[in-house]
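# Notes for the structure review
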Amino acid sequence: MSQAQSAQTVCVVIGASHAGSLLAVQVRKEGWQGRIVLISAETHMPYHRPPLSKAVLAGEKEVDAVLLRPALLYSNNDIELRLGEQVTQISRADKTVHLASGETLAYDKLALCTGASPRRLPIAEGLAGVHYLRNADDVAGIRRQMQSGKRAVIVGGGYIGLEVAAVMSQQGLQVSVVEMADKLLQRVASPVISDYFRLLHEQHGVNVLTGVTVETVRAAGDELVVSLHDGAELVADLLVIGIGVLPETGLASAAGLEVADGIVVDAYMGTSDPDIVAAGDCTAFPSARYGRTMRLESVQNALDQARVAAANVCAKPQIYDSLPWFWSDQYDVKLQSAGLRLDHEHEIVRGDPGVIDEKGISVFYLRADRMIAADCVNSAKEFMACKKLIAERLPVNLEALADLSKGPADFVAQS
Ligand SMILES: Cc1cc2nc3c(=O)[nH]c(=O)nc-3n(C[C@H](O)[C@H](O)[C@H](O)COP(=O)(O)OP(=O)(O)OC[C@H]3O[C@@H](n4cnc5c(N)ncnc54)[C@H](O)[C@@H]3O)c2cc1C
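Residues numbered from 1 in each chain as written. Predicted model: local features only at pLDDT ≥ 70, side-chain atom pairs only at ≥ 80, totals over all residues. Heavy atoms only, no water.

As a further point, take the overall build of the protein chain. When its secondary structure is counted, the protein chain shows 9 helices and 26 strands. Computed over C-alpha atoms, the radius of gyration of the protein chain comes to 23 Å, within 12% of the 22 Å expected from 2.2 N^0.38 for 415 residues, which places it in the range of a compact globule. Reported as C-alpha extents along the three principal axes, the dimensions of the protein chain are approximately 70 × 65 × 35 Å. Buried residues in the protein chain amount to 52% of all 415 residues. By sequence separation, contacts in the protein chain at least 24 residues apart represent 60% of the contacts at least 6 residues apart. For the protein chain, the accessible surface area stands at approximately 17800 Å², while carbon and sulfur atoms represent 50% of it. The averaged location of the 50 negative side-chain charges in the protein chain is 4 Å from the averaged location of its 38 positive side-chain charges. (Helix = DSSP H or I, 4+ residues; strand = E, 2+ residues; numbered from the N terminus. Rg over C-alpha atoms; globule rule 2.2 N^0.38 Å. Buried < 20%, exposed > 50% of the residue type's maximum accessible area, 1.4 Å probe, protein only. Contact = heavy atoms within 4.5 Å. Areas by Shrake-Rupley, 256 points an atom, 1.4 Å probe, with all protein chains shown as cover. Lys, Arg positive; Asp, Glu negative; His and termini not counted. Charge placed at Lys NZ, Arg CZ, Asp CG, Glu CD.)

Secondary-structure assignment places E179 in strand β11 (residues 174-179). Only 2.7 Å separates the side chain of E179 from the backbone nitrogen of G157, close enough to count as a polar contact. (Polar contact = N/O pair within 3.5 Å; in protein donor to acceptor, adjacent residues only side chain to side chain.)

We now examine the site of the ligand. Lining the immediate environment of the ligand, one finds 32 residues, of which S17, E42, R49, K54 and R134 sit closest. Within the side chain of S17, an N or O atom sits 2.7 Å from an oxygen atom of the ligand. Its free accessible area being 1000 Å², the ligand has 94% of it covered by the protein chains. At the level of secondary structure, the elements contributing two or more residues to the shell around the ligand comprise α1 (18-29), β2 (35-40), α7 (299-313) and β22 (325-330). (Near = heavy atom within 4 Å.)

Moving on, we get to the domain arrangement of the protein chain. In terms of domain boundaries, the protein chain breaks down into domain 1 (3-114 + 251-313), domain 2 (118-243) and domain 3 (332-410). Placing the centre of domain 1 and that of domain 3 at their C-alpha centroids yields a distance of 33 Å. At the junction of the two partners, domain 1 supplies 5 residues and domain 3 supplies 8 residues. Considering only the side of domain 1, the residues that lose the most area to domain 3 are R289, Y290 and R292, jointly responsible for 84% of the buried surface there. Joining domain 1 to domain 3, the criterion identifies 1 salt bridge. Two residues, D343 and R292, come together in a salt bridge whose shortest N-O distance is 2.8 Å. For the pair domain 1 and domain 3, the number of links is 2 residue pairs in polar contact (both at pLDDT 80 or more). Of the residues that constitute the side of domain 1 that touches domain 3, the class distribution is 3 nonpolar, no polar and 2 charged. (Domains from an automatic or database assignment. Buried area = accessible area lost by both parts, 1.4 Å probe. Salt bridge = Lys/Arg side-chain N within 4 Å of Asp/Glu carboxyl O. Nonpolar A, V, L, I, M, F, W, Y, C, P; charged D, E, K, R; others polar.)

For the rest of this paragraph, the subject is the packing of α1 against α7. Geometry of a packed helix pair, given as the angle between the helix axes and the separation of the axes. Axis separation between α1 and α7 bottoms out at 8 Å; the angle between their running directions is 35°. As α1 packs across α7, the resulting crossing turns out to be right-handed. Contacts between α1 and α7 pair H18, A19, L22, L23, Q26 and V27 from the former with V299, A302, L303, A306, R307, A309, A310 and V313 from the latter. (Axes fitted to C-alpha atoms, helices over the stretch in contact; angles between N-to-C directions. Left-handed = near helix turned anticlockwise from the far one by under 90°.)

Right, let's get into the packing of aromatic side chains. All told, the structure shown has 6 aromatic pairs when counted by the stated rule. A ring pair is formed by Y159 and F326, whose centres lie 4.8 Å apart and whose planes are at 35°; its orientation type is tilted. A residue pair is termed long-range when its members are at least 10 positions apart, and Y159 in helix α4 (residues 159-170) and F326 in strand β22 qualify at 167 residues. Centre to centre, the rings of W325 and W327 are 6.2 Å apart; their planes meet at 35°, and the pair counts as tilted. Taking relative accessible area as the criterion, W327 reaches 23% and is therefore assigned partly exposed. Among the aromatic residues, those joined into a cluster by ring pairs are W325, W327 and F383. For R120, the ring lying beneath its charged end belongs to Y132, and the centroid distance is 4.0 Å. (Phe/Tyr/Trp six-rings, centres within 6.5 Å; stacked < 30°, edge-to-face > 60°. Lys NZ or Arg CZ within 6 Å of the ring centre and 35° of its normal.)

Right, let's talk about the sheet that holds strand β18 (residues 263-264) for a bit. Reading across the sheet, the 3 strands line up as β18-β20-β21 and stay open at both edges, with mixed pairing between neighbours. Among the strands making up the open sheet, the edge pair consists of β18 and β21 (292-294). (Pairing = 2+ DSSP bridges.)

Okay, the environment of D137 next. Counting through the fold element by element, D137 comes out in helix α3 (residues 136-144). The partly exposed category is assigned to D137, whose relative accessible area is 48%. Here the alpha-carbon distance between D137 and V412, two residues 275 residues apart in the chain, equals 46 Å.

Moving on, we come to the side chain of S379. Note on placement: S379 falls in the loop between β26 (370-377) and α8 (380-391). Given a relative accessible area of 5%, S379 falls into the buried group.

This part takes up the sheet that holds strand β19 (residues 276-278). Taken together, 5 strands build an open sheet; the order of strands is β3-β2-β1-β7-β19 and the sheet is parallel. The outermost strands of the open sheet, each flanked by one partner alone, are β3 (79-83) and β19. Mean inter-strand twist for the sheet, computed between neighbouring axes without regard to direction, equals 15°. Pairing analysis gives 3 bridges linking strand β7 (residues 109-112) to β19, with the strands arranged parallel. Bridging across to β19, L112 finds its partner in A278. Packing against the sheet, α1 makes contact with β1 (10-14), β2, β3 and β7, and its axis sits at approximately 175° to β2. Of the strands in this sheet, β1, β7 and β19 touch α7, which is tilted by about 170° from β19.

This is the structure:
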């Protein structure tokens, strides 16, 4: 009898967000007969994280309206959801995890879905009015200070910083975005997309500063004074720092698992311990598709890895090689990206990137005349077509890509 089939076995899942919550459900679906204990350091029922910088920050939805699954689903699947419990240590020798409460839990299989945490800006540490955005409590803290007319400085022009800037400027705050790189979204987007988003934000009145580093942040009464390297100063009522995240690998490395910018997993989401899997933002995984080890921060990656890890726990190994995809919502603009723009040879732009309207634009990235990635703005049909083209490595009708008289159905070359 396999471990999955024995009612005496225990599967412990650490972290109950996109990866952990699905992994627990999938382990049950894959036939795990024993206990499943899903442990979350957060006190909220597991919720969708992306709305935190969108509808929840805007006050359009409460966290309770964006739960990943209803509470009943956990109990119906006999999943013991333990909220507000921090795992402090993994003892691999006796296969136990230790909780901050002092409790010890034995496991047969362990899943690490510990996610990532915001990279901190040491010069702003400890100051009132300085915020990071990762969880529901962070949003509540920002919202308390987010009244119309206030001055907000966002440090970091990545997706989270820009989504926050969009919500705040729409709510009447005076917003500045300070980005160290020469372009917004430099790490993830092409110059065309980056310039498009700069224009979008500037049209909404956001003061976008790129190629600028923050030298110091100091409190002056109720205000924060942000000094930039060129000597300029920005005065703010609140500061939101969005300068990337670091994978939560502390438990794994203390337990002697292999860690290198993420918990190192194989294509089956197995760690260097055969009884421990990992999934989501916390992993460094081998991508056959891209021929390298990588770490991704997206809901798609967390969910698809969770499915593979759950199958592995139940001894039904599958390989993780999904096409990465991602989205971001800013104002009325939805960006959807498929594939990664690694080593592309040329790009084709569809639409006019100098015009922001509901028609949107798309940028297609090609190598050897195959599409390897696409960024589609307000172009859901193009995005769906590109996802298929990229995933299935279909031949591309290059002329159709930029031709607005042709639709996404024409993107595949007819042989
Ligand atoms: C504001 C915001 C907006 C985003 N928008 C998008 C978007 O539009 N599209 C997109 O694809 N992605 C988006 N992302 C990224 C996406 O949310 C993450 O990729 C996803 O949440 C990763 O899921 P995860 O389960 O791997 O980790 P996480 O969501 O980070 O969850 C990890 C969980 O583990 C818990 N944990 C960690 N250590 C312990 C421990 N020792 N004991 C107990 N619990 C522990 C943490 O408290 C946390 O709840 C966004 C992220 C943020 C923060």
